Protein chains: 2
Amino acid sequence: MDTRIALLETAEMIARQRGLNGFSYADLSAHVGIRKASIHYHFPTKDDLTQEMLDQYVQRFLSRLAEISDRAESAAQGVDAYLTAYREALKDGGSVCLCVAMSADRDSLPAVAVESLNAFQKQSEHWLASVFERAQADRSILAVSSPADEAAAALALVEGAQLVARVTQDVSTFDKATAALRARLSLKRN
Amino acid sequence: MDTRIALLETAEMIARQRGLNGFSYADLSAHVGIRKASIHYHFPTKDDLTQEMLDQYVQRFLSRLAEISDRAESAAQGVDAYLTAYREALKDGGSVCLCVAMSADRDSLPAVAVESLNAFQKQSEHWLASVFERAQADRSILAVSSPADEAAAALALVEGAQLVARVTQDVSTFDKATAALRARLSLKRN
DNA sequence: GTCTATAATGGGATAGAC
DNA sequence: GTCTATCCCATTATAGAC
């Protein structure tokens, strides 16, 4: 069971660095220290591995969003934590989050995975919309018009910011792209 | 020379639909009606083809931006035209612009192509910044803070909007993600 | 310029021993 | 569960005839 986890983690790491089509069983073999053929014991086909990798990621990310909602003392803190999550996924600028990597290579995904991706986007957007609704009440974010539009824009912004930062290989590119949104947040200082 | 052009156009079309790693000489062969081996006469290696495809795209896009600057009667019209350009590249939701496709697969690009991509991003951002500067003068865009930050955000927004729209295969996803920005534009009606 | 033929490599996947 | 050995297929690329 340990090998299985190592395979999933390694696969995700490589997929986030080089794209979904950028990793092979040979790569996994080299990283995990197990022969190519043995991988098929844990994941019969690459699609099986892809699907499980994505499902695990979606579950992990959505539970993180729930956690943020619980702890945030204001809408602004929620958006701030959301931005931070995407920023962290960039590492030093060499990797994007799995959903960006998979969105880009959408056409080579198994159909089921496309459904998972769609569901993930929908839920992310829904979560963001609820945060922007909260902002209309607590006034912690400036100039919120339609929460639904703000949510769609924020999702596109963070994904696009990861994309441009990946090209420059520099987290500061992400920071600059998200600076305008951050500037609208009223955060308490300690 | 006609074959050469057909190869470049077909390669770009497929790359924008399936990703940079998603097309092969066999695909080109099928579409253009020429044998695989013959493609090597026009483009010795795939990297050669990739590079020329990108250079051509960058040149075409930047000249379009220049044209927009020339014709726009206000900053708002400039941003509007910019959004429209990215929207059109989506077609029915099945293809992204070449820079998004290549950004995603950055790590499998030849080094020279990465340089071209970087230059493209820098110039796009610079162009956008000049438009937002103009907006501070003509007041055709609401609530412009730092032109540089607005530019970085706008670039990330349109690229991300293409990414999310590609997942849903629906242009309206792009429209929703860019609605908030569009709402800030003061456009004259005819 | 385009063809056929053929490397040479790397991909995912299976069979069967241990 | 992991191994070796092997298969089949797709890929980029080259050689040489036409």
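Quick summary incoming for the structure in this document. Remember, it's a predicted structure, so these values are computed and weren't measured experimentally.

Thresholds, definitions, all that
- Residues numbered from 1 in each chain as written.
- Chains lettered and ligands numbered in written order.
- Predicted model: local features only at pLDDT ≥ 70, side-chain atom pairs only at ≥ 80, totals over all residues.
- Heavy atoms only, no water.
- Helix = DSSP H or I, 4+ residues; strand = E, 2+ residues; numbered from the N terminus.
- Rg over C-alpha atoms; globule rule 2.2 N^0.38 Å.
- Buried < 20%, exposed > 50% of the residue type's maximum accessible area, 1.4 Å probe, protein only.
- Contact = heavy atoms within 4.5 Å.
- Areas by Shrake-Rupley, 256 points an atom, 1.4 Å probe, with all protein chains shown as cover.
- Lys, Arg positive; Asp, Glu negative; His and termini not counted.
- Charge placed at Lys NZ, Arg CZ, Asp CG, Glu CD.
- Near = heavy atom within 4 Å.
- Polar contact = N/O pair within 3.5 Å; in protein donor to acceptor, adjacent residues only side chain to side chain.
- Nonpolar A, V, L, I, M, F, W, Y, C, P; charged D, E, K, R; others polar.
- 1 Å grid on protein atoms, 1.4 Å probe; cavity = no way out; pocket = protein on both sides within 12 Å on 5 of 7 lines; lining within 4 Å.
- Points joined across faces, edges and corners; volume = space filled by probe spheres on them.
- Core = buried A, V, L, I, M, F, W, Y, C linked by side-chain atoms within 4.5 Å.
- Buried area = accessible area lost by both parts, 1.4 Å probe.
- Salt bridge = Lys/Arg side-chain N within 4 Å of Asp/Glu carboxyl O.

**Focus on the overall build of chain A**
Part 1 of the reasoning: For chain A, the helix and strand inventory stands at nine helices and zero strands.
Part 2 of the reasoning: Of the regular secondary structure in chain A, the N- to C-terminal order runs α-α-α-α-α-α-α-α-α.
Part 3 of the reasoning: Taking 16 Å as the expected radius of gyration for a compact globule of 190 residues, we find that chain A reaches 18 Å, a close match to that expectation.
Part 4 of the reasoning: Counting over 190 residues, chain A shows a buried share of 54%.
Part 5 of the reasoning: Excluding contacts between residues fewer than 6 apart, the proportion of contacts in chain A whose partners are at least 24 apart in sequence is 69%.
Part 6 of the reasoning: Surface exposure of chain A reaches about 8,600 Å², of which carbon and sulfur atoms provide 50%.
Part 7 of the reasoning: Distance from the positive charge centre (21 side chains) to the negative charge centre (25 side chains) of chain A: 4 Å.

**Examining the protein's contact with DNA strand D**
Part 1 of the reasoning: Near DNA strand D there are 17 residues, and of these Arg-35, Ser-38 and His-42 of chain A together with Lys-36 and Lys-46 of chain B occur at the shortest range.
Part 2 of the reasoning: Looking at DNA strand D alone, sugar and phosphate atoms form 66% of those within 4 Å of the protein.
Part 3 of the reasoning: Within the contact set of DNA strand D, a phosphate oxygen lies 3.5 Å away from a side-chain nitrogen or oxygen of Ser-24 of chain B.
Part 4 of the reasoning: The separation between a base nitrogen of DNA strand D and a polar side-chain atom of His-40 of chain B is 3.3 Å.
Part 5 of the reasoning: Of all elements in the fold, only helix 3 (36–42) of chain A together with helix 2 (25–32) and helix 3 (36–42) of chain B reach the threshold of two or more residues within the surface near DNA strand D.
Part 6 of the reasoning: The class makeup of the residues in the surface near DNA strand D is eight nonpolar, six polar and three charged.

**Describing the layout of surface pockets**
Part 1 of the reasoning: What the largest pocket holds in volume is close to 700 Å³.
Part 2 of the reasoning: Listed by contribution, the elements that provide at least two residues to the lining of the largest pocket are helix 8 (147–168) and helix 9 (171–183) of chain A together with helix 8 (147–168) and helix 9 (171–183) of chain B.
Part 3 of the reasoning: Of the residues assigned to the lining of the largest pocket, the class counts are 20 nonpolar, two polar and four charged.

**Some words on the nonpolar core**
Part 1 of the reasoning: The biggest cluster of nonpolar side chains holds 134 residues, and the ones touching the most others in it are Tyr-86 of chain A together with Tyr-86 of chain B.
Part 2 of the reasoning: Setting aside chain neighbours within four positions, we find Tyr-86 of chain B in contact with Phe-61, Cys-97, Cys-99, Phe-120, Leu-155, Val-158, Glu-159, Gln-162 and Phe-174 of chain B.

**Section: the interface of chain A and chain B**
Part 1 of the reasoning: The interface of chain A with chain B comprises 31 residues on the first partner and 31 residues on the second.
Part 2 of the reasoning: Counting the surface lost from both chain A and chain B, the interface buries some 3,000 Å², and carbon and sulfur atoms represent 60% of this.
Part 3 of the reasoning: In this structure, the connection of chain A to chain B is made through two salt bridges.
Part 4 of the reasoning: The closest approach of N and O atoms between Glu-125 of chain B and Lys-176 of chain A, which form a salt bridge, is 3.2 Å.
Part 5 of the reasoning: Inspection of the region where chain A meets chain B yields eight residue pairs in polar contact (both at pLDDT 80 or more).
Part 6 of the reasoning: The set of elements that each furnish at least two residues to the side of chain A that touches chain B consists of helix 1 (2–18), helix 6 (98–104), helix 7 (111–138), helix 8 and helix 9 of chain A.
Part 7 of the reasoning: When residues of the side of chain A that touches chain B are assigned to their parent elements, the largest contribution, 15 residues, is made by helix 8 of chain A.
Part 8 of the reasoning: Its residues assigned to classes, the side of chain A that touches chain B shows 15 nonpolar, seven polar and nine charged.

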